[in-house]
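# A structural walkthrough
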Amino acid sequence: MRHRKRKFKNGRKPAHRNAMMANLTCSLILSHRVETTVAKAKELRRWVEPMITLAKDGSLASRRRAISRLQQREAVRYLFNQLAASFQGRPGGYTRILK
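To start, this report covers the structure provided alongside it.

Cut-offs and rules
- Residues numbered from 1 in each chain as written.
- Predicted model: local features only at pLDDT ≥ 70, side-chain atom pairs only at ≥ 80, totals over all residues.
- Heavy atoms only, no water.
- Helix = DSSP H or I, 4+ residues; strand = E, 2+ residues; numbered from the N terminus.
- Rg over C-alpha atoms; globule rule 2.2 N^0.38 Å.
- Buried < 20%, exposed > 50% of the residue type's maximum accessible area, 1.4 Å probe, protein only.
- Contact = heavy atoms within 4.5 Å.
- Areas by Shrake-Rupley, 256 points an atom, 1.4 Å probe, with all protein chains shown as cover.
- Lys, Arg positive; Asp, Glu negative; His and termini not counted.
- Charge placed at Lys NZ, Arg CZ, Asp CG, Glu CD.
- 1 Å grid on protein atoms, 1.4 Å probe; cavity = no way out; pocket = protein on both sides within 12 Å on 5 of 7 lines; lining within 4 Å.
- Points joined across faces, edges and corners; volume = space filled by probe spheres on them.
- Salt bridge = Lys/Arg side-chain N within 4 Å of Asp/Glu carboxyl O.

### With respect to the overall build of the protein chain
Within the protein chain one finds four helices and zero strands. Start at the N end of the protein chain and walk to the C end: the helices and strands fall as α-α-α-α. Over its C-alpha trace the protein chain gives a radius of gyration of 14 Å, about what one expects of a compact globule, namely 13 Å for 99 residues. Projected onto its principal axes, the C-alpha coordinates of the protein chain cover approximately 40 × 25 × 25 Å. Looking at the protein chain as a whole, 33% of its 99 residues are labelled buried. Taking the contacts inside the protein chain whose residues are at least 6 apart along the sequence as the reference set, 56% of them involve residues at least 24 apart. Working note: accessible area of the protein chain is about 7000 Å², and carbon and sulfur atoms make up 50% of it. Each charge sign in the protein chain was given a centre, from 24 positive and 5 negative side chains, and these centres are 7 Å apart.

### Comments concerning the layout of surface pockets
A probe as big as a water molecule, rolled over the atoms, marks out the empty space that is left. Volume-wise, the largest pocket comes out at about 590 Å³. Around the largest pocket, the lining comprises 22 residues; the ones closest to its centre are Leu28, His32, Arg33, Val34 and Arg96. Within the residue set of the lining of the largest pocket, elements represented by two or more residues are helix H1 (14–31) and helix H2 (38–57). Sorting elements by how many residues they give to the lining of the largest pocket places H2 first, with six residues.

### Brief notes about the pattern of salt bridges
Tallied over the full model, the rule gives one salt bridge. Between Arg46 and Glu43 there is a salt bridge; the shortest N-O distance is 3.3 Å. Linking Arg46 with Glu43, this pair stays in helix H2, spanning three residues, or about one helical turn. Overall, the relative accessible area of 42% leaves Arg46 in the partly exposed class.

### Digging into the environment of Ala39
On the secondary structure map, Ala39 appears in helix H2. For Ala39 and Lys9, which are 30 residues apart along the polypeptide, the C-alpha to C-alpha distance reads 9.9 Å.

Structure (structure tokens):
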């Protein structure tokens, strides 16, 4: 049985899937909105929310974890400098999916 085995595969190998999600995450961070499928958007939410939580922490270790996950320094810089301040008082639920 596949109980509690939620994994977004979408016919891609793990390296391709991770690269796709990292690129979508950076696009969402930099442009505040992306247009994609509902399945990818639901998985993207699982990537973006922890990144914003890391940015709210603001430590050097958090920044290094974000850089290693996203691989784009300008997106991480924008996330930590501008985006984290706007979500500082919010405990979670940073993203919305619009159909």
